[in-house]
Amino acid sequence: MAYQEISLLEFQNQFDSEDKCVEYLFRVRWPEGFRCPLCHHDRYYTIARRGLYECQACRHQVSVRAGTIFHRTKVPLRKWFWLIYRMAISKTGVSIAEMQRELQIRDYKTIWVMAHKVREAMGQRDARYRLAGLVELDESFFGPKSREGKRGRGSERKTTVLIAVSIYTNKEGIESPGFAHAQVVTDASAETIGQVLDRLGVEEGDKKLLINKIRSHGWKSYGKMAKDKDIAHHRVVLISPKMAGHLLPWTHRFVSNVKAVLRGPHRGVSAKHLQRYLSEACYRFNRRYWDHELFNRLLFACTVGVPITRDKLLGSGNGSIS
Ligand SMILES: [Zn+2]
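Let me sum up the structure you'll find in this document. Within every chain, residues take consecutive numbers counted from 1 along the sequence as written. Note on the predicted model: pLDDT of at least 70 is required for a residue's local features to be given, and 80 or more for side-chain atom pairs to be given and counted; whole-chain, interface and lining totals, by contrast, use all residues. Side-chain descriptors were evaluated using all non-hydrogen atoms of the structure, hydrogens and water having been removed beforehand.

### Some words on the environment of L8
Thought 1: Relative to the elements of secondary structure, L8 occurs in helix α1 (residues 8-14).
Thought 2: For L8, a relative accessible area of 41% translates into the label partly exposed.
Thought 3: Spatially, the C-alpha atom of L8 lies 8.8 Å from that of R86, the residues being 78 residues apart in sequence.
Thought 4: Should any heavy atoms of two residues lie within 4.5 Å, those residues are counted as being in contact. When neighbours within four sequence positions are excluded, L8 is seen to be in contact with W82, Y85, R86 and I89. The way it works is that DSSP assigns letters per residue, a run of H or I at least four long becomes a helix, a run of E at least two long becomes a strand, and they are numbered from the N terminus. With a 1.4 Å probe rolled over the protein chains alone, any residue whose accessible area is under 20% of its type maximum counts as buried; one over 50% counts as exposed, and the rest are partly exposed.

Take a look at the structure:
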């Protein structure tokens, strides 16, 4: 589908009715035309209700929203599309308060759930990317402000996050970052780090790690893990935490950006939902050079994958939705 990134105004004109959104979603879901999910027949009747189609062969009825994050939503697609557009083109993310105003939805929870469904879709989309070659690894601690900046494993009430950034080196030896992944982990043990690396660096159905070298600050878990997996380990020596910016530049830069965003538009987030904010930051980082098709790509991400439910998002536990 030919699509150029368009201005806010053009976007609003293009999607100024529910019917236009339904039509667009139809083309995103069935780019080759309608396919019945049961019998693969390609002819259908349009049911009077918006976005509902009936297979002419087996009479199966299918909604254009089924299996997407829009399934059973009461919010019009127009508002969803707007939220997705804003999240897609923003460099830092959008705040709930902004979206309450722009979408004219008063209920905080409704928008909060919508945004998290989009974040979940971003995370699932990025889970397909594999890291290869040299990967810079570092762990960081997210949590209450009081101990912000203090580097150390096991600080109480902090959530440990493992950051992995793949690195390309050109002929002149100049490095540039490739894909980034950030994962909430229970601990920074060799076993845990190894499991994350397996998830990030092994193609499905294969066993061979695509990562052949890691760079870290030399915490013993990294050394042990590298030895276990028989990959090279470039251990940098951090005499002071300030040196991390030079010696582990890519993970360091990524973490600074994420922390700035979490302090800014989101004003801090709870540990329970941190992973989805990290997924959003990675999604954005991994597409930083793509300045077109961002809306289309994110809309597509929202139609594939396994949508997270409102109940799961708001489910029991600490009840916090920040
Ligand atoms: Zn059918």
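### Let's talk about empty space enclosed by the protein
Thought 1: Throughout, the protein atoms alone are placed on a 1 Å grid, and a set of points is a cavity if a 1.4 Å probe fits but cannot get out or a pocket if it is open with protein on both sides within 12 Å along at least five of seven lines; lining residues have an atom within 4 Å of a point. Grid points are joined across faces, edges and corners, and a volume is the space filled by probe spheres set on the points. For the coordinates displayed, the defined rule picks out one cavity of 30 Å³ or more.
Thought 2: For the largest cavity, the calculated volume is near 40 Å³.
Thought 3: Looking at the largest cavity, the residues that line it are I69, K117, E120, A121, Q124, C302, V304, V306, P307 and I308.
Thought 4: A per-element tally of the lining of the largest cavity places helix α5 (residues 108-126) first, with four residues.
Thought 5: Grouping the constituent residues of the lining of the largest cavity by class yields seven nonpolar, one polar and two charged. Three classes are used: nonpolar for Ala, Val, Leu, Ile, Met, Phe, Trp, Tyr, Cys and Pro, charged for Asp, Glu, Lys and Arg, and polar for all others, with Gly counted as polar.

### Description of the sheet that holds strand β1 (residues 44-46)
Thought 1: Paired strands, in this sense, are two strands between which DSSP finds at least two bridges. A sheet is described by the order of its strands in space; here three strands give the open sequence β1-β2-β3, paired in antiparallel fashion. Among the strands making up the open sheet, the edge pair consists of β1 and β3 (61-63). Strand after strand, the sheet turns through a mean of 30° between neighbouring axes, direction not considered. Axis angles are defined between N-to-C directions and span 0 to 180 degrees, where every axis is a line fitted to C-alpha atoms and, for a helix, only to the segment in contact.

### Let's talk about the packing of helix α9 (residues 249-263) against helix α10 (residues 271-286)
Thought 1: In the contact formed by α9 and α10, the axes pass within 11 Å of each other and the chain directions differ by 120°. When the axes of α9 and α10 are compared, the pair comes out oblique. Note that α9 runs across α10; the crossing there is right-handed. Residue-level contacts link F254, V258 and L262 of α9 to L274, Y277, L278, A281, C282 and F285 of α10. For classification purposes, angles smaller than 35 degrees are called roughly parallel, those larger than 145 roughly antiparallel, those between 65 and 115 roughly perpendicular, and all remaining angles oblique. Throughout, a crossing is termed right-handed when the near helix is turned clockwise from the far one, and left-handed when it is turned anticlockwise from it by less than a right angle.

### Observations concerning the pattern of salt bridges
Thought 1: Take a side-chain nitrogen of Lys or Arg and a carboxyl oxygen of Asp or Glu: if they are within 4 Å of each other, that pair is a salt bridge. Considering all chains together, one arrives at 13 salt bridges under this definition.
Thought 2: Salt-bridge contacts for K20 lead to D16; the nearest nitrogen and oxygen are separated by 2.9 Å.
Thought 3: Residue E175 pairs with R215 through a salt bridge whose shortest N-O separation is 2.4 Å. With E175 in strand β6 (residues 175-185) and R215 in strand β7 (residues 211-216), the pair connects residues that are 40 residues apart, well separated along the chain.
Thought 4: Overlapping salt bridges bring together R86, E98 and E102 as one network.

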